[in-house]
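The chain contents come next:
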Amino acid sequence: MKRFFVQEQLGYDLVMDGMEHNHLANVLRCRVDEKIILVCGDLFDYNYVIEDINRDETTLRFVSKTKNKANPKTNLVVFQAIIKLDNLALIVEKLNELGVSEFVPFISANSNIRHINTAKLQTIANQSCKQCGRSVPLKVHEVHSFDEMLEELGAFENAFYADRGEKSRAIGFNDLNGTAYNAIVVGPEGGLGLDENLRLATEATPITLGKRTLRAETAAITAATIVLHYLGEV
């Protein structure tokens, strides 16, 4: 069934308008009596039947709700140094599909951009739930300073950072077995500064992503995939 994300409480009859109504009526061309699924950021899928579609809104009848099966069972937080917004949007979309729980952009010494629209990134994560089947989207945090990011790493069972240095190693199952709260740090285009690498090494484990030099967005998606694989999420 087609899925839609709304930012309101569900579980009763409702009228849907705005972007999701337009997507339902004009893009997907749904029809009266068709069954659809709505999600709103909680743990459930809500089953509805379309009762009426007009120019500005869709009337929906609530049928039932079921526990969503696609939400991640472990918590992985990705700290990503700020890069171009379009590339950040790609990262957020793909991390949401993979099963990352939270996304924290931070400012690095080599970040060419200092301000981003985190609300837009959250909307991208919300909309991605319609495709990947999650009901709880990845949470996008406000921009952190490097010091704020570093301070938060101490709360995790495991913290890793993508690094091409001699001390980095491949991550394995034994690093993650039984853990539920893990973090990955990925630097900007051009990498983290020398001082940042030295400071980060006191709070996180350097891991390699292979012999090739990856773009920042590729590194974030690759690192998340590797960790989520060993966590049993992919």
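To start, this report covers the structure provided alongside it.

Cut-offs used in this document
- Residues numbered from 1 in each chain as written.
- Predicted model: local features only at pLDDT ≥ 70, side-chain atom pairs only at ≥ 80, totals over all residues.
- Heavy atoms only, no water.
- Helix = DSSP H or I, 4+ residues; strand = E, 2+ residues; numbered from the N terminus.
- Contact = heavy atoms within 4.5 Å.
- Areas by Shrake-Rupley, 256 points an atom, 1.4 Å probe, with all protein chains shown as cover.
- Lys, Arg positive; Asp, Glu negative; His and termini not counted.
- Charge placed at Lys NZ, Arg CZ, Asp CG, Glu CD.
- Pairing = 2+ DSSP bridges.
- Axes fitted to C-alpha atoms, helices over the stretch in contact; angles between N-to-C directions.
- Salt bridge = Lys/Arg side-chain N within 4 Å of Asp/Glu carboxyl O.
- Buried < 20%, exposed > 50% of the residue type's maximum accessible area, 1.4 Å probe, protein only.

Considering the overall build of the protein
Next up, step 1: For the protein, the count of helices and strands is 7 helices and 11 strands.
Next up, step 2: Once the C-alpha set of the protein is aligned to its principal axes, its extents read approximately 60 × 35 × 30 Å.
Next up, step 3: Long-range contacts, defined as pairs at least 24 residues apart, comprise 74% of the intrachain contacts of the protein with a sequence gap of at least 6.
Next up, step 4: Here the protein displays about 11800 Å² of accessible surface, and carbon together with sulfur accounts for 48% of that area.
Next up, step 5: Side-chain charges of the protein comprise 25 positive and 31 negative groups, with the mean position of each set lying 7 Å from the other.

What about the sheet that holds strand 2 (residues 14–17)?
Next up, step 1: Strand order across the open sheet formed by 5 strands is 1-3-4-5-2, with mixed pairing between neighbours. Every interior strand has two partners, whereas the edge strands, strand 1 (3–5) and strand 2, have only one. Between one strand axis and the next, the sheet turns by 45° as a mean value, whatever way the strands run.
Next up, step 2: The pairing of strand 4 (residues 44–53) with strand 5 (residues 57–67) spans 9 bridges and is antiparallel. Counted as the bridge partner of Tyr 48 is Phe 62 from strand 5.
Next up, step 3: Packed on one face of the sheet, helix 1 (residues 18–27) meets strand 1, strand 2, strand 3 (35–39), strand 4 and strand 5 and runs near 85° to strand 2.

Observations concerning the pattern of salt bridges
Next up, step 1: All told, the structure shown has 9 salt bridges when counted by the stated rule.
Next up, step 2: Of the charged contacts in the structure, one is a salt bridge between Arg 61 and Glu 51, with a shortest N-O distance of 3.0 Å. On the criterion of sequence distance, the pair formed by Arg 61 in strand 5 and Glu 51 in strand 4 is long-range, its members being 10 residues apart.
Next up, step 3: Judged by relative accessible area, Glu 51 falls into the partly exposed class, the value being 41%.
Next up, step 4: The partner of Asp 147 in a salt bridge is Arg 199, with the nearest N and O atoms 2.6 Å apart.

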